[in-house]
Amino acid sequence: NKSLTYLGIVIEKLSSAKGGSTSHIPYRNSQLTYLLSESLGGNSKTIMIAAISPAAFNYEETTSTLKFAERVACIQTSSKANVAEEENM
């Protein structure tokens, strides 16, 4: 699936961006990454849940899922409260 491929590319770019690096993050390459752009690199806290299986025949899929979750864990975002200041009358 192209969207999941592009999601992996965006996650890789975000996890390798250390100290606020200004490299281009390709959010607009797919609708999925465009919709998730604020969640992945914006002003939000995001949780990644990895569903894995202990079965031997799912070993390869479980390993790739854990590697993906490890890359997601490396993403550093800073979230701030969106509070509108009231004008004093």
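Description of the structure in this document. Source: prediction; values computed, not measured. (Residues numbered from 1 in each chain as written. Predicted model: local features only at pLDDT ≥ 70, side-chain atom pairs only at ≥ 80, totals over all residues. Heavy atoms only, no water.)

Comments concerning the environment of K80
Alright, step 1. Here K80 lies in the segment after α4 (59-73).
Alright, step 2. Judged by relative accessible area, K80 falls into the exposed class, the value being 64%.
Alright, step 3. Each C-alpha atom, one on K80 and one on S44, is 7.8 Å from the other, the two residues being 36 residues apart in sequence. (Helix = DSSP H or I, 4+ residues; strand = E, 2+ residues; numbered from the N terminus. Buried < 20%, exposed > 50% of the residue type's maximum accessible area, 1.4 Å probe, protein only.)

Digging into the packing of helix α1 (residues 2-16) against α4
Think of two packed helices as two axes; the pair is described by the angle between the axes and how far apart they sit.
Alright, step 1. The interhelical angle for the contact between α1 and α4, taken along N-to-C directions, is 45°, at an axis separation of 8 Å. With respect to their mutual orientation, α1 and α4 come out oblique. Seen along the crossing, α1 lies across α4 with a hand that is left-handed. Contacts from L7, G8, I11 and S15 of α1 reach α4 at F68, R71 and V72.
Alright, step 2. Of the residues in the contact of α1 with α4, the class split is 4 nonpolar, 2 polar and 1 charged. (Axes fitted to C-alpha atoms, helices over the stretch in contact; angles between N-to-C directions. Parallel < 35°, antiparallel > 145°, perpendicular 65-115°, else oblique. Left-handed = near helix turned anticlockwise from the far one by under 90°. Contact = heavy atoms within 4.5 Å. Nonpolar A, V, L, I, M, F, W, Y, C, P; charged D, E, K, R; others polar.)

A few points about α1
Alright, step 1. Over its 15 residues, α1 runs 21 Å from end to end, which matches the ideal 21 Å to within 8%, given 1.5 Å per residue.
Alright, step 2. By the burial criterion, the buried members of α1 are L7, G8, V10, I11, L14 and S15. In a view along the axis of α1, the buried residues occupy a sector of 165°, so they form one face of it. The outward face of α1, more than 90 degrees from its buried face, is lined by the exposed residues K2 and S16.
Alright, step 3. The opening residue of α1, the one whose side-chain oxygen lies 3.3 Å from the backbone nitrogen of S3, is N1. (Expected span 1.5 Å × (residues − 1). Arc of directions from axis to C-beta. Polar contact = N/O pair within 3.5 Å; in protein donor to acceptor, adjacent residues only side chain to side chain.)

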